[in-house]
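Take a look at the letters that make up each chain.
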Amino acid sequence: SSRWLCLTYGDGKFVALSKDTATVSTDAVSWTENAMPVSMNSGEPLAGWVSVVHGEGKFVAITSDFAASTGSSVAAYSTDAITWTQTTLPASRAWASVVHGDEKFVAISTHYPLNNTAAYSTNGITWTQTALPASVGWQSVTYGNGKFVAVASGTAIAAYSTNGITWTQTALPSSRSAVDVTYGDGKFFAITGSTSQVSAISTDGITWTDITLPYRTYTSVTHDRGTFVAIPGTSDRAAISTDGITWTETTMPTTLSWHSLTSGIANRV
């Protein structure tokens, strides 16, 4: 029992992280718990290990501590998702999201205070600080078709990069609270977290178009095997689409504050 904050798939394993724990599964059914190198129990509900990704033969995780005015610079890596080694990000921030693409890891930070800090690493161990084009609440970063794409909440600002180092500002169609972005089937899709039906889709990560979803407060979106899936917070309804344009509702097994979504060979989780 914990507040699980992030989820990923790699090397035949699903990995979920909470404030101080990693749990691993090969089938998304049976899970084994392991300790993370640092406990992020600050009392802030969303403080903890907030994002994890697999690439370059290892799992890489970042932390956020919204309750600490100085933020956090703690990160970690593991080759098996069982034994984790602590490492350090180049600045203390409320880090929000990490992704792997183009043989590098890219991490972005968010609020408290608003900032434009990002970082990249070729091995998930040693990080170099870089900058996003605006100081806003960056929430999520993804990679696809040769581009890193990042979105922010409370603003129409987004950004893209071909190398994860130098970023160019672009814009979603209108101001919204974008909380997650994914890539699949030749499209980037940014999900809206506020109680709105409007999200956005792009074929190049630069020019975006409004898309209407069933009315929910969504928290996470992913793509796998021809289907986009978006999950809501505190609801038993999710949304699915085969093209990212036309969406229909489906039913979750119970009403909970669903927070993170990933896909893998065994099952979607």
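Overview of the structure. The structure presented is a predicted model; accordingly, all values stated were derived computationally and were not measured.

1. Re the overall build of the chain
Moving on, step 1. Counting its secondary structure elements, the chain contains zero helices and 22 strands.
Moving on, step 2. For 269 residues, the compact-globule formula gives about 18 Å, and the C-alpha radius of gyration of the chain, at 17 Å, lands near that figure.
Moving on, step 3. Taken along its principal axes, the extent of the C-alpha atoms in the chain is 45 × 40 × 35 Å.
Moving on, step 4. When each of the 269 residues of the chain is scored for burial, the buried share is 54%.
Moving on, step 5. Nonlocal contacts in the chain, meaning residues at least 24 apart in sequence, comprise 43% of its contacts between residues at least 6 apart.

2. A few points about the pattern of salt bridges
Moving on, step 1. What the rule picks out here adds up to seven salt bridges.
Moving on, step 2. For Lys104, the salt bridge is made with Asp102, and the minimal N-O distance between the two is 3.3 Å.
Moving on, step 3. Classification of Lys104 as buried rests on a relative accessible area of 10%.
Moving on, step 4. Take Asp102: its relative accessible area is 37%, and that puts it in the partly exposed class.
Moving on, step 5. Note that Glu249 is salt-bridged to Arg237, the shortest N-O span being 3.7 Å. In this pair, Glu249 sits in strand 22 (residues 248–257) while Arg237 sits in strand 21 (residues 227–241), placing the two residues twelve residues apart along the sequence.
Moving on, step 6. Several salt bridges share partner residues, and in doing so they unite Arg216, Asp236, Arg237 and Glu249 into one network.

3. So, the sheet that holds strand 22
Moving on, step 1. Read across the open sheet, the three strands follow the order 20-21-22; overall the sheet is antiparallel. Strands with a single pairing partner mark the edges of an open sheet, and in this sheet they are strand 20 (218–224) and strand 22. For this sheet the average axis-to-axis angle between neighbouring strands, irrespective of direction, equals 30 degrees.
Moving on, step 2. Sheet topology places strand 20 next to strand 21; six bridges connect them, and they run antiparallel. In the sheet register, Tyr218 faces strand 21, and the bridge partner there is Pro232.

4. Quick look at the side chain of Ser18
Moving on, step 1. Here Ser18 lies in the loop between strand 2 (13–17) and strand 3 (21–25).
Moving on, step 2. On the basis of relative accessible area, Ser18 is assigned to the buried category, the value being 0%.
Moving on, step 3. Those residues within four positions of Ser18 in sequence are excluded, and the remaining contacts are Ser2, Arg3, Trp4, Leu5, Gly48 and Trp49.

5. Brief notes about the sheet that holds strand 6 (residues 58–64)
Moving on, step 1. Spatial strand order, 5-6-7-8: four strands in an open sheet with antiparallel pairing. For this open sheet the edge positions go to strand 5 (48–55) and strand 8 (85–93), each flanked by a neighbour on one side alone. Between one strand axis and the next, the sheet turns by 25 degrees as a mean value, whatever way the strands run.
Moving on, step 2. Here strand 5 pairs with strand 6 via seven bridges, running antiparallel. Within strand 6, the residue paired with Gly55 across the bridge is Lys58.

6. Examining the pairing of strand 10 (residues 104–109)
Moving on, step 1. Summarising burial for strand 10: six of the six residues are buried, a large majority.
Moving on, step 2. The two faces of strand 10 match: Lys104, Val106 and Ile108 on one face and Phe105, Ala107 and Ser109 on the other face are all buried.
Moving on, step 3. Bridge count for strand 9 (residues 95–101) against strand 10 is six bridges, and the pairing is antiparallel. In the sheet register, Val99 faces strand 10, and the bridge partner there is Val106.
Moving on, step 4. From the end of strand 9 to the start of strand 10, which pair antiparallel, there are two residues, and Asp102 there has a positive phi angle of about 55 degrees.
Moving on, step 5. Note that strand 10 and strand 11 (residues 115–121) share four bridges and pair antiparallel. Looking at strand 11, one finds that Ala107 is bridged to Ala119.

7. What about the packing of aromatic side chains?
Moving on, step 1. Under the criterion given, the structure shown has six aromatic pairs.
Moving on, step 2. An angle of 45 degrees between the planes, with centres 4.9 Å apart, marks the rings of Phe189 and Trp247 as tilted. Here Phe189, found in strand 17 (residues 187–192), pairs with Trp247, found in the loop between strand 21 and strand 22; they are 58 residues apart in sequence, far enough to count as distant.
Moving on, step 3. Using a relative accessible area of 0% as the deciding quantity, one classes Phe189 as buried.
Moving on, step 4. Here Trp247 falls in the buried class, since its relative accessible area comes to 9%.
Moving on, step 5. Among the aromatic residues, those joined into a ring-pair cluster are Phe189, Phe228 and Trp247.

The rules behind these values
Residues numbered from 1 in each chain as written. Predicted model: local features only at pLDDT ≥ 70, side-chain atom pairs only at ≥ 80, totals over all residues. Heavy atoms only, no water. Helix = DSSP H or I, 4+ residues; strand = E, 2+ residues; numbered from the N terminus. Rg over C-alpha atoms; globule rule 2.2 N^0.38 Å. Buried < 20%, exposed > 50% of the residue type's maximum accessible area, 1.4 Å probe, protein only. Contact = heavy atoms within 4.5 Å. Salt bridge = Lys/Arg side-chain N within 4 Å of Asp/Glu carboxyl O. Pairing = 2+ DSSP bridges. Axes fitted to C-alpha atoms, helices over the stretch in contact; angles between N-to-C directions. Phe/Tyr/Trp six-rings, centres within 6.5 Å; stacked < 30°, edge-to-face > 60°.

Just distances and angles here, no functional claims.
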